[in-house]
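Chain by chain, the residues:
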Amino acid sequence: MKDESPSDPSSCCVRAINLDAWQFLKLPNLAEPDGIGTLDIAECFRLKEKLWHKARLLSDAHRLARLGHWEYLVDDGRMIWSLEIAELLGFQAEDRMPSPSQRAGMHTAESWRRFDAALERTITTGEPFQLDVEIRRRDGEHCWFMVQGEAERDDAGRVVKVIGIAQDITEHKTIEAALRASERRLEEAQTLCQVGSWELDRDSAQMKWSREVFRLFDRPESLGVPDLNEAMCYYTPESLEQTRSAFWRAIDTGERCTLEQEVRLPSGAIRHHATVIVPVADSSGRTCKLFGTVQDITERRVLELERSKQLGHVAELSRRLVMVQERERRRLASELHERASPNLAALQLTFSNLASALPPDVLAEVEPLLDDIRGLLADTTAGIREISTEMRPATLDHAGLLPALQDYTYLFSQRSGIEVELAIDDFGVPLAPELQSVLFRIVQEALTNCAKHASAGCVRVSLAQDGNALELRIADDGIGFEPSMLTEPGSAVGLGLITMRERAEFVGGRFSLSSHPGKGTEIRISFDLHEDAP
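The rules we used
- Residues numbered from 1 in each chain as written.
- Predicted model: local features only at pLDDT ≥ 70, side-chain atom pairs only at ≥ 80, totals over all residues.
- Heavy atoms only, no water.
- Helix = DSSP H or I, 4+ residues; strand = E, 2+ residues; numbered from the N terminus.
- Buried < 20%, exposed > 50% of the residue type's maximum accessible area, 1.4 Å probe, protein only.
- Contact = heavy atoms within 4.5 Å.
- Areas by Shrake-Rupley, 256 points an atom, 1.4 Å probe, with all protein chains shown as cover.
- Pairing = 2+ DSSP bridges.
- Axes fitted to C-alpha atoms, helices over the stretch in contact; angles between N-to-C directions.
- Salt bridge = Lys/Arg side-chain N within 4 Å of Asp/Glu carboxyl O.
- Expected span 1.5 Å × (residues − 1).
- Parallel < 35°, antiparallel > 145°, perpendicular 65-115°, else oblique.
- Left-handed = near helix turned anticlockwise from the far one by under 90°.
- Nonpolar A, V, L, I, M, F, W, Y, C, P; charged D, E, K, R; others polar.
- pLDDT = per-residue confidence, 0-100.
- Phe/Tyr/Trp six-rings, centres within 6.5 Å; stacked < 30°, edge-to-face > 60°.
- Polar contact = N/O pair within 3.5 Å; in protein donor to acceptor, adjacent residues only side chain to side chain.
- Core = buried A, V, L, I, M, F, W, Y, C linked by side-chain atoms within 4.5 Å.

### Things to note about the overall build of the chain
Working step 1: Scanning the chain from terminus to terminus reveals 14 helices and 15 strands.
Working step 2: Scored against the burial criterion, the 534 residues of the chain give a buried share of 35%.
Working step 3: A sequence separation of at least 24 residues applies to 55% of the contacts in the chain between residues at least 6 apart.
Working step 4: Counting only carbon and sulfur atoms, one obtains 53% of the accessible surface of the chain, whose full area is about 31800 Å².

Below is the structure:
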């Protein structure tokens, strides 16, 4: 568009545009500017004062709004700025008005192209325009202006002037750019985490979806956000009822809800989603909106199922390991008892026969030696019997856990001098042999540990059933210890506890320990009794 330089050099300076203030005045006897000659001096001063105040108010308003006026004279090709625009762009009142090429250089190429085209279109068609332009201030900083323009015509209807306003919207553009960047980062984060966000207006039932939600439901964005009924069609029947219940629960209670859903995509694929529902209340406390997130957890569900299978496999291997271990203990104890005990009995009989066959004088001479041999044989026999009992008490196989514990705790008390109180309930559910073996071994290890380290006078062993829960407690009144010491290198106390924990966890039990110096120690082991439990 042609933009000629003005012929009057003095008009090249930036100057304020005169403002028409007649609309601000309330003078019923003054309908036209020509009527000003009828005013007396007092009325003129009053008029001048009102004009000054109105102009000051308008100037302050422009300054606060960071807004200014401009004019473009079509015939002269001149652009005139108000002082507000000049100051916003870094010019002073005495500075010369930039030439057309200089004004073009202040714009970015794209902004100047759009502004020049809009101005030319208004001159040609008379249509107003509004657009945002990016300009470089005099100090080199970039800023944004919202520019509006409209045509003024002469009596013949020809456009002779374009007038308009320009408002600094740099801050708005900066916030807008930051918001776009934040939204872009949010979309990237949602894509990386496979998490989408949504909103549901309670009254209108209108939904809003983030881009990631479209991807999670395999829905093209061109189809738009579905209505609530269509959105519910993505869920399988069971998940549909759960979702509806969760929505109403969040609305009725105002509490956050979390649920997992099974989703059938348009392709027929089944996916699993985790949805969080957060109710949003209005000023009266009424839930007016639901906000939430949805995350694809299909891979996690697959891993969880695989983990469950592996845990089941490990549990089965653990049970078999316990069974094999106990079977080997039983076999060794049986062989030791069946082979060693008869041989020792035969040796005792042989020595008795040998002693009877010796002449009296020889017998008197070797009697002390024979007594030592008899004592050694008796001690060896008792030791083998004790080892056999420790390895696998026959009572446990033939009579069950309670008699085996009674026998063992009695022998333990006799051997160690520590009193053992045994409290065992009658069980409504028979205990599997493997579980009985584990319980016996844990009590055995706990009592051995107590004898070695606790310096206790009494130990209480209780085994009780509460519904499908079975709990074993072993508590002593010994010296106790600080549980944190178990993590210290070379801690001998921890070895037996580790063994008990491993035995309990092998069959799905939970092990807990509480102890304080001077206040004894309590071991608590709980099991869930199910039909398929060991």
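Now that the structure has been shown, we can carry on.
### As for the sheet that holds strand β7 (residues 207–209)
Working step 1: The strand order β7-β6-β10-β9-β8 describes an open sheet built from 5 strands, whose pairing is antiparallel. Of all strands in the sheet, those bounded by a partner on one side alone are β7 and β8 (257–264). With strand direction ignored, the average angle separating the axes of adjacent strands in the sheet is 25°.
Working step 2: Strand direction decides the pairing type here: strand β9 (residues 270–281) and strand β10 (residues 287–296), joined by 9 bridges, are antiparallel. Looking at β10, one finds that Ala281 is bridged to Thr287.

### Quick notes on the sheet that holds strand β2 (residues 78–81)
Working step 1: If you trace the 5 strands from one edge of the open sheet to the other, you get β2-β1-β5-β4-β3, paired in antiparallel fashion. Two strands close off the open sheet at either side, each with one partner strand: β2 and β3 (129–136). Averaged over all pairs of adjacent strands, the angle between their axes in this sheet comes to 25°, without regard to strand direction.
Working step 2: Both β3 and strand β4 (residues 142–153) contribute to a ladder of 8 bridges, which runs antiparallel. Counted as the bridge partner of Val133 is Phe145 from β4.
Working step 3: Its contacts with the sheet put helix α4 (residues 109–125) on β1 (67–73), β2, β3, β4 and β5 (159–168), and the angle it makes with β3 is roughly 145°.

### Comments concerning the pattern of salt bridges
Working step 1: With the rule as written, the count across this model stands at 30 salt bridges.
Working step 2: A salt bridge links Lys161 to Glu71; the shortest N-O distance between them is 3.8 Å. Here Lys161 is found in strand β5, whereas its partner Glu71 is found in strand β1, with 90 residues between them in sequence.
Working step 3: Residue class for Lys161 comes out partly exposed when judged on its relative accessible area of 21%.
Working step 4: A relative accessible area of 14% places Glu71 in the buried class.
Working step 5: Taking the shortest distance from any N to any O, the salt bridge between Arg78 and Asp76 comes out at 3.4 Å.
Working step 6: Accessibility expressed as a relative area gives 36% for Asp76, which makes it partly exposed.

### Some remarks on unusual backbone geometry
Most peptide bonds take the trans form, and the phi angle of most residues other than glycine is negative.
Working step 1: Even without glycine at this site, Ala205 takes up a positive phi of about 60°.
Working step 2: Mapping Ala205 onto the fold places it in the loop between β6 (195–201) and β7.
Working step 3: Not every positive phi belongs to a glycine, and Ser455 is a case in point at roughly 55°.
Working step 4: As for its position among the elements, Ser455 is in the loop between α13 (433–453) and β12 (458–466).

### So, helix α1 (residues 41–65)
Working step 1: Helix length check: α1 (25 residues) gives 36 Å between terminal C-alpha atoms against 36 Å at 1.5 Å per residue, within 8%.
Working step 2: Once α1 finishes, Arg66 follows within two positions and takes phi at roughly 50°, a positive value.

### Concerning the packing of helix α12 (residues 401–416) against α13
Working step 1: Running from amino to carboxyl end, α12 crosses α13 at an angle of 15°, the nearest separation of the two axes being 10 Å. By the angle between their directions, the pair α12 and α13 is classed as roughly parallel. Relative to α13, the crossing made by α12 is right-handed. Residue-level contacts link Leu401, Ala404, Leu405, Tyr408, Thr409 and Phe412 of α12 to Gln436, Leu439, Phe440, Val443, Gln444, Leu447, Thr448 and Ala451 of α13.
Working step 2: Across the contact of α12 with α13, the residue classes tally to 10 nonpolar, 4 polar and no charged.

### Comments concerning the pairing of strand β14 (residues 510–515)
Working step 1: With 6 bridges connecting them, β14 and strand β15 (residues 521–528) associate as antiparallel partners. By the bridge assignment for β15, Phe511 is matched with Ile525.
Working step 2: If you look at the hairpin formed by β14 and β15, you'll find 5 residues sitting between the two strands, and Gly518 has a positive phi there, around 85°.

### Side note on the confidence of the model for the chain
Working step 1: Confidence along the chain averages 82 in pLDDT terms, with 87% of residues attaining 70 or more.
Working step 2: When the criterion is pLDDT under 50, residues 1–25 qualifies, and its contacts beyond four places in sequence or with other chains add up to 56 contacts.

### Examining the packing of aromatic side chains
Working step 1: Under the criterion given, the structure shown has 11 aromatic pairs.
Working step 2: Ring geometry for Trp112 and Phe115: centres 6.1 Å apart, planes at 45°, overall tilted. On the criterion of helical spacing, the pair formed by Trp112 and Phe115 is a turn pair, its members being 3 residues apart in helix α4.
Working step 3: Seen in terms of ring centroids, Phe217 and Tyr235 are 6.2 Å apart; in terms of plane orientation they differ by 90°. Their pairing is edge-to-face.

### Considerations on the environment of Ser99
Working step 1: With respect to the helices, strands and loops of the structure, Ser99 is situated in the loop between α2 (83–88) and α3 (100–106).
Working step 2: Distance in space between the C-alpha atoms of Ser99 and Met79 is 9.0 Å, their sequence separation being 20 residues.
Working step 3: Within the structure, Ser99 has its side chain in polar contact with the side chain of Ser101 (distance 3.1 Å).

### Thoughts on the nonpolar core
Working step 1: In terms of nonpolar packing, the biggest core is built from 37 residues, with Leu401, Leu435, Leu439, Ile442, Leu470, Leu472 and Ile474 touching the most fellow members.
Working step 2: Listing elements by their share of this core, those giving two or more residues are α12, β11 (419–424), α13, β12, β13 (469–476), α14 (493–506) and β15.
Working step 3: When residues in this core are grouped by element, the largest group, 9 residues, is from α13.
Working step 4: Sequence-distant contacts of Leu401, that is, excluding residues within four places in its chain, are made with Leu396, Leu431, Gln436, Leu439, Phe440 and Leu463.
Working step 5: Grouped together as the second largest cluster of nonpolar side chains are 25 residues, Tyr72, Leu89, Phe115 and Phe129 included.

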